[in-house]
Every structure is written in structure tokens, then in C-alpha cells.
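Here are the chains, one letter per residue:
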Amino acid sequence: MLVTTHLFIPGPTKIPEAVRSAMDIRMEDMRSPEFPKFTLPLFEDVKKAFKLTNGRVFLFPSSGTGAWESAISNTLNRGDKVLMSRFGQFSLLWVDMAQRLGLNVQVLDEEWGTGVPVEKYAEILTADKNHEIKAVFATHNETATGVTSDIAGLRKALNDAKHPALLFVDGVSSVGCIDFRMEEWGVDCCVSGSQKGFMLPTGLGILAVSNKALEAAKTSKMERCYFSFEDMIKNNDNGYFPYTPATQLLRGLRASLDLLLGEGLDNVFARHHRLAEGVRKAVGAWGLKLCAKDPKWHSDTVSAILVPEGVDSAQVVKTAFYRYNLSFGVGLNKVAGKVFRIGHLGALDEVMIGGALFGAEMAMRDCGIDVVPGSGSGAAAEYFRSTTKASATSR
Ligand code: PLP
């Protein structure tokens, strides 16, 4: 079976050597008296990745979806009214989960290629004088369409409406890549996973929660067991877990945090922005368009590129895979066949991005898309050459 060498899907992402070797260890005793010396500082440093000083983080042996379930089932009650918006495969799945867990979801269906409709949320929250809405949900970065939404704006909408609803954010493809300020933006639950900005294998559902969310958990009556905050807190307070933790992933997480915090989060964000700009220059030079409808939605972690009418984007992805040993993301659901996605998040630099663009040009030409060879990769190269690196950290 062929496994591509050049991985440019929007997660899982490349694992840096330091992270990989940190996980290449003997199995360890997760109940040893030494273990808390490792875990307690780890919990504190994970909080830093979310820009959180109060509250707590939970590290579940799951993917990001498990952290979603934990956030909902610990803080809300069946029948609670919540406000959500759907504009891509992941925001869609979140709505689906909320409905299946018994929440009364008010869904705003937005055009795919746009994001959280902050103005509409503001109107609805302002009109909700009895505070029936218990939580407001936002997908920070919709990975299916390459759209980033304005979470600070959403907090402002809640504040302006003097609305006490909890604010839930899906940060699966943004935390550790795109500016995210959990505390400053008053986010109550932020969900992430290990396989994107944290540059690890899949297997950790990473959930950051505010003190307000922890308070809500005390009165929430929804059924939960494996994902219970309470069980986690009881054990995490002493540096342990209620079940066997994924110790190698935790060791890898330590190394990943050392890289992220060592580079400096703001430098990490600037690097992602610069690499994303290079990709956007390439898309422009190819004469193609992004799925994101407006620059204000541009994502710095993934670009969903629209192929011309009459071309099946899945063919481009397949061709890249089989002919060039290169993986791009396929179009999902409503944008299947219409877009292919270049993931530009995690442990990447300019030359790696250049390779992906060069590969995209070959695959697109093979599929009959008339892009000028070297046009996109050249435009990105000129952009990288003429702008300054934010960080000198080698990947
Ligand atoms: N939310 C977003 C924005 C995602 O991109 C993904 C996965 O790609 C998920 C949620 C689901 O996360 P997981 O696959 O880790 O369960």
C-alpha cells in the first residue's frame, strides 16, 4: 500500500523529529509517584497554547470529536436551547452532535465559503431577553472550506447584548496555528485535537474550559461517563487520569509544546500567516479562486481551492497521490469534486510549501487545468523571498 511522503492534508500534519523521538520511549507506569512531576506542568503549559491562565485543560484519549462531546455533555442539559451556524462539514457535524445529544439547536445555515455570521448572532442574542439561549457555538476555522471566523467579534456581540450564554469554540484546526485568545475572548469551552497544530498523531482530544464552564458543570445533568469533567478533575488534580492515559502522546505533547512555546505563539501565528499568504499568491497566479468568499474569511491553516467547471477536484487529489506521492485534502460534502485543499499548518516552512505548490501544478495540468507551469510556485517563491521570516526556528 502506498503512503504518501508529502503530506499536505489539513491534519494529521507532519510530526517534527523532536516530537517523534519524544514518543519513542518505553512504556511507563502512569501511576508512578514520579508521573505527576511530568503531568502537572504539562497541564499548565497546554493552557498556555490556548492563552488561558484560569480554568483547566482536559486531555482525553480520543480525537477532537470526543472533546466536543465532553464539552457539551458536561456543561449543558437536554433540551437546552443553543445557537449554532453551519457552513462546512465540521460545523455541520457539530450541529449533528448537539442535536443527537438532545439540545434544542437553532441553526443558521450559511453559504459554504463564509463563516460565523456575527451580526445575525448579535441580533438573535439581543432579542433573547429571557436568556433562553444557554450556549453559542462557533467553528473558529472551518477546515472543509478554509474559512476562519471572528471569535473576538462574537464575544463582543455577547457582551453588547449582555448575554450570559456560554461560548463554545471549535479550535481543532486553529489552536497552535492561528491567533486564539481563550481568556481575552471569554471563550468557555475550546475544543482541539492532537493531530493539527500540536503536530502529533491523532489520539488526544484536547479541551480547554473556563471557570464559568466548570461552574456550569456542577449543575449540568446530561449523562456522561468516559468524558466526565468530574472524574478527570479528581484525578488530574493529583497528576493522574481516571483511566489509562495515552502516555506516549503526552510525552509527544510535551515536546510539541516546547517547540510551540519556544518559537513563541505569536511567531507561530505569523509563520502560518506568511505560508498561507504564499499559497494564496499561488492561487491568484494560477487564475483560480478560493472557496472562501472574501479575504476576511481567509484561513491561515488550510486553503480550499476551487477547480474550473468541468474538472473533478477528486481527480486532482488522486493524481497528486499516485503520480507525485503527494496528499492534498479532498472536497467534503457540498464541495466534493469542487475543491481540493492544501493544508499549510504545523511543522512547515517555505520550501515545503513550495514543493506542495509545484506538485499541485503538475497534478492540475495532468487533469486538464491550464495553469502556467511554475506560475503559482513562482509567485509564492517571490513572496517568500521578498518578505521577512517571523521566526528563525528550523522545522
Ligand atoms: N472540527 C474541525 C474544524 C476539524 O477540522 C475536525 C477534523 O478535521 C474536527 C472538528 C473533528 O476532529 P477529529 O477528527 O479529531 O475528531
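Quick notes on the rules
- Residues numbered from 1 in each chain as written.
- Predicted model: local features only at pLDDT ≥ 70, side-chain atom pairs only at ≥ 80, totals over all residues.
- Heavy atoms only, no water.
- 1 Å grid on protein atoms, 1.4 Å probe; cavity = no way out; pocket = protein on both sides within 12 Å on 5 of 7 lines; lining within 4 Å.
- Points joined across faces, edges and corners; volume = space filled by probe spheres on them.
- Nonpolar A, V, L, I, M, F, W, Y, C, P; charged D, E, K, R; others polar.
- Buried < 20%, exposed > 50% of the residue type's maximum accessible area, 1.4 Å probe, protein only.
- Helix = DSSP H or I, 4+ residues; strand = E, 2+ residues; numbered from the N terminus.
- Pairing = 2+ DSSP bridges.
- Expected span 1.5 Å × (residues − 1).
- Near = heavy atom within 4 Å.
- Polar contact = N/O pair within 3.5 Å; in protein donor to acceptor, adjacent residues only side chain to side chain.
- Areas by Shrake-Rupley, 256 points an atom, 1.4 Å probe, with all protein chains shown as cover.
- Disulfide = S-S within 2.5 Å.

Engineer: Residues and numbers for empty space enclosed by the protein, please.
Structural biologist: Going through the model one piece at a time under the given rule, you end up with 2 cavities of 30 Å³ or more. Put simply, the largest cavity is a space of about 40 Å³. As for the largest cavity, its lining consists of Leu 7, Phe 8, Ile 9, Pro 12, Thr 13, Lys 14, Gly 343, Leu 345 and Leu 348. Across the lining of the largest cavity, the residue classes tally to 6 nonpolar, 2 polar and 1 charged. Estimates place the volume of the second largest cavity at around 30 Å³.

Engineer: I'd like to hear about the pairing of strand E12 (residues 302-306), residue by residue, with values.
Structural biologist: Judged by how many residues are buried, E12 sits mostly within the fold: 4 of 5 residues are covered. For strand E11 (residues 289-290) and E12, the ladder comprises 2 bridges, and the chain directions are antiparallel. Paired with Leu 290 across the strands is Ile 305, a residue of E12. Looking at chain direction, E12 and strand E14 (residues 339-343) are connected through 5 bridges and run antiparallel. Bridge assignment links Leu 306 to a residue of E14, and that residue is Val 339.

Engineer: Talk me through helix H13 (residues 375-386); I want residue IDs and the actual numbers.
Structural biologist: Under the 1.5 Å per step criterion, the end-to-end length of H13 is 16 Å for 12 residues, consistent within 8% with the ideal 16 Å. Taken together, the buried positions of H13 are Ser 375, Gly 376, Ser 377, Ala 380, Tyr 383 and Phe 384.

Engineer: A description of the site of the ligand should follow, citing residues and the corresponding values.
Structural biologist: Every residue lining the ligand is accounted for by Ser 63, Gly 64, Thr 65, Trp 68, Phe 90, Asn 141, Thr 143, Asp 170, Val 172, Ser 173, Gln 195 and Lys 196. Contact distances for the ligand include 2.5 Å between a nitrogen atom and a side-chain N or O atom of Asp 170. In this structure, an oxygen atom belonging to the ligand sits 2.8 Å away from a side-chain N or O atom of Lys 196. In the complex, the protein chains occlude 88% of the 390 Å² of accessible area that the ligand would expose alone. When the residues that make up the shell around the ligand are grouped by side-chain class, the tally is 3 nonpolar, 7 polar and 2 charged.

Engineer: Please give an account of the state of the cysteines that cites residues and values.
Structural biologist: Enumeration according to the criterion identifies 0 disulfides in this entry. No disulfide involves Cys 189; its sulfur sits 8.9 Å from that of Cys 190, the nearest cysteine. Distance from the sulfur of Cys 367, which forms no disulfide, to the nearest cysteine sulfur (Cys 291) is 19 Å. A relative accessible area of 21% means that Cys 367 is categorised as partly exposed.

These results come straight from atomic positions and should not be treated as a statement about function.
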